[in-house]
Amino acid sequence: MPRVFSSSPLRYGWTTGACAAAAAKAAYAALLGGDFPDPVEITLPRGERPAFALARHERGEDSAFASIVKDAGDDPDVTHGALVTAIVRFGAPGSGVTFKAGEGVGTVTRPGLPLPVGEPAINPGPRGMIAQAIAEIAAHHGVAGDVEVTVSIADGEAIARKTLNGRLGIVGGLSVLGTTGIVVPFSCSAWIHSIHRGIDVARGAGLGHIAGATGAVSEAAVAKLYDLPEIALIDMGDFVGGMLKYLRLHPVARVTVAGGFAKITKLGQGLIDLHSRAGPVDLTWLAERVEELGGAGDTAYRVSQANTAIEALEIAAAAGLDLPPLVARYARLTAVKVLRDTEISLDIAIFGRDGQLLARAE
């Protein structure tokens, strides 16, 4: 189950991706001639099996739909209370699970996101959860599971105006998100408290090397890279400053800061709070790093005009420039300033979305 961050824990919730997966599973079960399972259970990527109550459901001749009201727990999520619907139709033989954007779900119009331009803004994590949910029903009925899943979110287009979707080129609604399926309540004090306690536990166990990660992918990747036990992994999130400041007073021999390219870019810029509210990725700063690597002026300009940090990385790579190692070195300089006057050995590790190591600064 998810980690608890305080002695009076905030209530966890479920992502739009988890809600969509549960709705799709219920709809597909009914489409194959059964009843709508209510509540409906799904398996999340980490093995949890939550159950979701259906708010609406209906079966037609060649389709079925189910809807679930999203519960984001105690997180101030703009989609808390939104009605998430999945419509399931039979697909062509051999097509597998395909996806469409329904009302309130956006479409990708710019590069640099984890989905190609023109695709429904249903992220890879939720797509995997939906495919797994469909596969469970298909296996039970002994069928192939070739279906088309349309996801919609009531009032999604209006809700999306409160997000960064427009800036990112996601048009027409929200993104369906969720790597783990679980919404962790965003409480700065509770989260930083958990970081401190995690460091205390690791120190108490006599560990000499701990790693703070910005998310689930980088945490799994850094654990594998250094063969670290779970107790050595600090769920740092965006609070790299909170972790490093505590380590300055409660040191260990070695600490690794691990994250994706965008988050570590922010650290390289000099930010120690990596949340979007603290500041965006500075694409002009990245363009200056391109010039530092000897990149041509037009490449630097294209990086400065990129839609996301990932698109900037792709532009640099296409020009033969290895940007992550330089970003990692700048990030290490920022982190070292926070750890001033200590003998802690510090390294930075940048990982891709697939968990592959992009760069390391030691």
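Here, every reference points to the structure presented above.
Residues numbered from 1 in each chain as written. Predicted model: local features only at pLDDT ≥ 70, side-chain atom pairs only at ≥ 80, totals over all residues. Heavy atoms only, no water.

Asker: Just checking my understanding: could you explain the environment of Ala20 for this structure?
Answerer: Along the polypeptide, Ala20 turns up in helix H1 (residues 16–31). The exposure class of Ala20 is buried, given its relative accessible area of 0%. Counting along the chain gives 48 residues from Ala20 to Ile68, while the straight-line C-alpha distance between them is 7.7 Å. Discounting chain neighbours no more than four positions away, the residues touching Ala20 are Val84, Ala86, Ile130, Val151 and Val176. (Helix = DSSP H or I, 4+ residues; strand = E, 2+ residues; numbered from the N terminus. Buried < 20%, exposed > 50% of the residue type's maximum accessible area, 1.4 Å probe, protein only. Contact = heavy atoms within 4.5 Å.)

Asker: Please explain the sheet that holds strand S16 (residues 254–260) as it appears in this structure.
Answerer: As a general point, the strands of a sheet are linked pairwise by backbone hydrogen bonds and lie either parallel or antiparallel. Reading across the sheet, the 5 strands line up as S15-S14-S16-S17-S18 and stay open at both edges, with mixed pairing between neighbours. The strands lining the two open edges of the sheet, one partner per strand, are strand S15 (233–235) and strand S18 (357–361). With strand direction ignored, the average angle separating the axes of adjacent strands in the sheet is 20 degrees. In this structure, S16 lies alongside strand S17 (residues 345–351), joined through 7 bridges in parallel fashion. When the bridges of S17 are listed, Ala258 appears paired with Ala349. Against the sheet, helix H8 (residues 261–269) makes contact with S16 and S17, and its axis sits at roughly 120 degrees relative to S16, the strand it touches most. (Pairing = 2+ DSSP bridges. Axes fitted to C-alpha atoms, helices over the stretch in contact; angles between N-to-C directions.)

Asker: Please explain the pairing of S16 as it appears in this structure.
Answerer: Moving residue by residue along a regular strand, the side chains alternate between the two faces of the sheet. Taking burial as the measure, the 7 residues of S16 include 5 buried ones, the bulk of the element. Where strand S14 (residues 209–213) meets S16, 5 bridges bridge the pair, whose relative direction is parallel. Bridging across to S16, His209 finds its partner in Arg254.

Asker: Hey, could you run me through the sheet that holds strand S5 (residues 63–69) in this one?
Answerer: Strand order across the open sheet formed by 5 strands is S4-S5-S6-S10-S7, with mixed pairing between neighbours. If you trace the sheet from one side to the other, it starts and ends with strand S4 (56–59) and strand S7 (97–101), each paired once. Averaged over all pairs of adjacent strands, the angle between their axes in this sheet comes to 15 degrees, without regard to strand direction. Strand direction decides the pairing type here: strand S6 (residues 83–90) and strand S10 (residues 147–153), joined by 7 bridges, are antiparallel. Opposite Val88, over in S10, you have Val149 as the bridge partner. Packing against the sheet, H1 makes contact with S4, S5, S6 and S10, and its axis sits at approximately 40 degrees to S6. Across the sheet, helix H2 (residues 124–141) is in contact with S7 and S10; its angle to S7 comes to roughly 130 degrees.

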